[in-house]
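Architecture and fold: a report
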Amino acid sequence: MAPTTATEVLRYAAFTPDPAGGNPAGVVLDATGLDERRMLEIAAEVGYSETAFLTERDEARRRFTVRYFSPLAEVAFCGHATVATAVALAERIGTGELLFDTPAGEIRVDTVAGQDGTVRATLTSVPTRSRPAGADELDAALAALRWDAADLDPALPPHVSFAGNDHLILAAASRARLADLDYDFDALAAVMRTHGWTTVHLVRRENDGSYHARDPFPVGGVVEDPATGAAAAAFGGYLRTLGLVTAPSMITLRQGEDMGRPSDLTIEVDPDETVVRVTGRAVPIPASAS
C-alpha cells in the first residue's frame, strides 16, 4: 500500500527491464531527516522486501551513505535495492561510477545506459567468504523447508556464504524440487535468526554457467525474494571457494520465475579475487502498479 508520509519514495523493479518482473525496491533519495524508527515505518508501509534510504549525499564526489530496511528490520546490505538506487541516481545525475557507504562496507557501483534506454548497474561486493554448513544448521533448515537430504545435489555441498551478510546455500537435486517450495515460515525464520542468515539461497544448476535460484526471506517478513543481489554475490564466493570457477567467468542466475516475477542476475567471479560483481537492470514501477 502507499505510505502515509510526505517523504518521497521511488519504486523500482530491479534485475529486470519489465516493471512487472524483478524484485521491487523502495528508494528514498533524501532521508537526511529520518531516524531509524521512521525509516522502518516507511519500509513497512511500502511493503517491499527492502527500501533503501540515502542518509548522506555528496553528489560532486558521487558518494552516498545508504541504509536498508525490510518491513521488519534493518539489513546490512541489499543487492537489489542497491541496483535500484544506483539506477535512480544515474537517471538524475548521470551514469558513471557511484560509491555507497553501507553498514556492510563500501560498495562501488558502475552504471551505464543501454541502447534501449534502461540503465544497467554493476555492484562490486565486499570480500566474500564461504564455509561448510554445520550438521545442526543443515538439519534445522531442511526440517523447516520440509526437505530431506535426498533433495540436495551432492555435487554442491551446503555452505554458509557471506557477501555483506550471511546466506545458507542449498543446491536442489532437481528443478522440480526447487519449484515446489512450501516451507514453514515461522520455523525457518526462527532457524535463520538463530544462525544470523539473511536469506536461504536455493539453487539448481542447469550447467556450469547457468543456475535457477529462489530465496526465502521470512526474517524480513517476506515469503520469497524475486531477485537477491546480495545472495548472488555470496553464491559467487561459494563457487570460488569450492574451486568450481577456475578462470574469470560470467554466470547467470534466473530467479523469481516460479513466483511470476522473472529476474536475471549476472555475476562475475574471478578465482584470484574475493569480490564478486553483480549486474542487472532496473526500471521505475508506474504509480498505477505500486
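Residues numbered from 1 in each chain as written. Predicted model: local features only at pLDDT ≥ 70, side-chain atom pairs only at ≥ 80, totals over all residues. Heavy atoms only, no water.

Turning next to helix α3 (residues 135–145). Along α3, the residues that are buried comprise Glu137, Leu138, Ala141, Leu142, Ala144 and Leu145. Across the axial projection of α3, the buried residues extend over an arc of 160°, all falling on one side. Relative to its buried face, α3 has exposed residues pointing more than 90 degrees away, namely Ala135, Asp136, Asp139 and Ala143. Packing partners of the buried residues in α3 comprise β9 (129–132), β10 (159–162), β11 (166–171), α5 (185–195) and β12 (197–207). (Buried < 20%, exposed > 50% of the residue type's maximum accessible area, 1.4 Å probe, protein only. Helix = DSSP H or I, 4+ residues; strand = E, 2+ residues; numbered from the N terminus. Arc of directions from axis to C-beta. Contact = heavy atoms within 4.5 Å.)

Moving on: unusual backbone geometry. Its identity is not glycine, yet phenylalanine 15 carries a phi of approximately 65°, on the positive side. Within the chain, arginine 62 stands out as a residue other than glycine whose phi angle is a positive 55°. Relative to the helices and strands, arginine 62 is located in the loop between β3 (51–58) and β4 (63–69). For arginine 62, a relative accessible area of 18% puts it in the buried group.

Right, let's get into the confidence of the model for the protein. Of all residues in the protein, 98% have pLDDT values of 70 or greater, and the mean over the chain is 95. Predicted confidence for residues 1–5 stays below pLDDT 50, and this span has 13 contacts to residues more than four positions away or in other chains. (pLDDT = per-residue confidence, 0-100.)

With that settled, consider helix α2 (residues 79–93). Residues spaced three or four apart along an α-helix point in a common direction, a consequence of the helix completing one turn every 3.6 residues. Here α2 spans 21 Å end to end across 15 residues, near enough to the 21 Å set by a 1.5 Å rise per residue. In terms of residue burial, α2 counts as a mostly covered element, since 12 of its 15 residues are buried. Listed in full, the buried residues belonging to α2 are Gly79, His80, Ala81, Thr82, Val83, Ala84, Thr85, Ala86, Val87, Ala88, Leu89 and Ala90. Remark: glycine 94 follows α2 within two positions and exhibits a positive phi of approximately 100°. (Expected span 1.5 Å × (residues − 1).)

Further remarks concern the pattern of salt bridges. Per the counting criterion, the structure on display carries 25 salt bridges. For the salt bridge of glutamate 137 with arginine 131, the shortest nitrogen-to-oxygen distance reads 2.8 Å. Glutamate 137 sits in the buried class, given a relative accessible area of 7%. Classification of arginine 131 by relative accessible area gives partly exposed; the value is 38%. Measuring nitrogen to oxygen at the nearest pair gives 3.1 Å for the salt bridge that ties arginine 254 to glutamate 257. Here the residues in one salt-bridge network are Arg175, Arg214, Glu224, Arg254, Glu257, Asp258 and Asp264, joined through shared partners. (Salt bridge = Lys/Arg side-chain N within 4 Å of Asp/Glu carboxyl O.)

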